[in-house]
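# Structural overview for review
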Amino acid sequence: MTKLGRELASKGINIISLSVGEPDFNTPDHVKNAAKKALDENYTRYSPVPGYPDLRQAIVNKLKTENNLDYDISQIVVSTGAKQSLSNVILTLIDPDDEVIIPTPYWVSYSEMVTLAEGKSVFIDTDIESNFKITPAQLEAAITPKSKLFMFSSPCNPTGSVYSKEELAALVAVFEKHPNIYILSDEIYEHINFVDKHESIAQFGSIKDRVIIVNGFSKAFAMTGWRLGYIAANKEIAAANDKLQGQTTSGTCSIAQRAGIVAYEQGLASVLEMKEAFLRRRELVYNLLNEIPGVKTNLPDGAFYFFPEISSFFGKKDADGNVIKDSSDLALYLLNVGHVATVGGDSFGNNNYIRLSYAASDESLVEALRRIKEALGKLA
């Protein structure tokens, strides 16, 4: 959808993109200055495969200070973005026909990574009524003798749902009965959280050794283009990820790593400013979505997305008589008629929804929701 939106924009059409999953803020100046300093200090050679020791120590310190989690640098592997970290974990853990349990909706690449590893994705469906969160009973029902990994994100892309400590504890009680299952916890949206503090499933000692945390710098510090992510895991899994990465990409960008150290060492002031803006935008978009007949939405607790239910428009026709059959059709219609780029929910495993990013200016969001409301009102 982003590509199609850019193609229309290149023809002079004013497209408002709500399809991209990245902050619309600039990387903080102190982080950029650290990169410039790294260049001046000639950090321009190959870096260690798992990352510079002082970056890994900064990550260890962050996990202890912010999350009360104890790791050492031998358990940290830095990669070229959280996406590579996810891929590394799956490729090192999953053998052919192993089952990976994934709640839906899920980030689009999860199931494709499982496919590349020759595993099988097993989906647990959720909906807006449950705030897109699974229950312990659903988890238990999805487990089979072939289950190897459970992977999820909190805060979640695409729904913005956040699991509380109590909800995580209830899932942990299930995992305690199944000691052969690993848990991959994607926490990349950790700092864009509007309810209390972030809760990691790694805090539960009974399963911590089976939890692999994936995190990074892209969302919190508006560093999407820097490609800097990491895992925190037990030493065996970390060593396996190190070995795999050593035969594929080796160490990630030296300059980005030096900037990452400063990002973690100089605090969260810039992160909190960005979070405040996202909170204001969340309220704005929530109110505007609720004014559109036929759209049903909840109030997300984190990230910067809405995942509204739009199935009431299926079966309706546009001005040319084309029938809206699914979420992809609706997203294309909104792009071509409303000139707003969104993403169909089928990409995330839930066809009755679309994803809207509110990582855009207030003015753009107001205009985008006006266009969406107007375009949907034309369907008959």
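No experiment lies behind these values; they were computed from the predicted model shown.

Here the focus is the sheet that holds strand 11 (residues 343-344). The strands making up a sheet are joined through hydrogen bonds of the backbone, oriented either antiparallel or parallel. One open sheet holds the 3 strands; their spatial order is 9-12-11, and the pairing between them is antiparallel. Sheet topology places strand 9 (305-306) and strand 11 at the edges, where each strand pairs with a single neighbour. As paired elements, strand 9 and strand 12 (residues 354-357) share 2 bridges and run antiparallel to each other. Residue pairing in the sheet places Phe306 in a bridge with Leu356 of strand 12.

Turning our eyes to something else, we now look at the domain arrangement of the protein. Taken domain by domain, the protein comprises domain 1 (1-21 + 270-377) and domain 2 (29-266). For domain 1 and domain 2, the distance between their C-alpha centroids amounts to 27 Å. In this assembly, domain 1 packs against domain 2 so that about 2,400 Å² is buried in total across both faces, 61% of it on carbon and sulfur atoms. Between domain 1 and domain 2 we count 1 salt bridge in total. Its salt-bridge partner being Glu129, residue Lys296 comes within 2.3 Å of it at the nearest N-O pair.

What follows is about the environment of Glu118. Counting through the fold element by element, Glu118 comes out in the loop between helix 5 (109-116) and strand 4 (120-124). Taking the relative accessible area as the measure of exposure, Glu118 reaches 52% and is therefore exposed. The sequence separation of Glu118 and Asn322 amounts to 204 residues, and the corresponding C-alpha distance is 38 Å. Apart from the residues within four sequence positions on either side, Glu118 is in contact with Asp95, Pro96 and Asp97.

In this structure, the largest pocket occupies an estimated 590 Å³ of space. In terms of lining residues, the largest pocket is bounded by 26 residues, among which Gly21, Lys83, Trp107, Asn157 and Lys219 are the most central. A per-element tally of the lining of the largest pocket places helix 4 (residues 82-93) first, with 3 residues. Of the residues belonging to the lining of the largest pocket, the class tally is 12 nonpolar, 9 polar and 5 charged. Taken domain by domain, the lining of the largest pocket gets at least three of its residues from each of domain 1 (1-21 + 270-377) and domain 2 (29-266). Volume-wise, the second largest pocket comes out at about 200 Å³. As for the second largest pocket, its lining consists of Glu66, Asn67, Glu190, His191, Asn193, Asp196, Lys197, His198, Leu268, Val271, Leu272 and Lys275.

About the thresholds
- Every chain is numbered on its own, with residues counted from 1 as its sequence reads.
- Given that the model is predicted, a residue must reach a pLDDT of at least 70 before its local features are reported, and side-chain atom pairs must reach 80 or more before they are shown or counted; all residues, however, enter totals for whole chains, interfaces and linings.
- The basis for every side-chain value is the complete set of heavy atoms in the structure, and neither hydrogens nor water enter the calculation.
- Any two strands with at least two DSSP-identified bridges between them are counted as paired.
- Helix numbers and strand numbers start at the N terminus; a helix is a DSSP run of H or I with at least 4 residues, a strand a run of E with at least 2.
- Source of the domain bounds: an automatic or database domain assignment.
- Accessible area that two parts lose when put together, with a 1.4 Å probe and added across both, is what the buried area reports.
- Basic side-chain nitrogens of Lys or Arg form a salt bridge, by our definition, when they fall within 4 Å of a carboxyl oxygen of Asp or Glu.
- Under the scheme applied here, a residue whose accessible area is under 20% of the maximum for its type counts as buried, over 50% as exposed, and between as partly exposed, the area being computed with a 1.4 Å probe on protein chains only.
- In what follows, a contact means two residues having at least one pair of non-hydrogen atoms within 4.5 Å.
- A cavity, in this analysis, means grid points on a 1 Å lattice covering only the protein atoms where a 1.4 Å probe fits yet has no way out; a pocket is instead an open set bounded by protein on both sides within 12 Å along at least five of seven lines, and a residue lines either one if it has an atom within 4 Å of a point.
- Grid points are joined across faces, edges and corners, and a volume is the space filled by probe spheres set on the points.
- As a working rule, the residues Ala, Val, Leu, Ile, Met, Phe, Trp, Tyr, Cys and Pro are called nonpolar, Asp, Glu, Lys and Arg charged, and the rest polar, with Gly in that last group.

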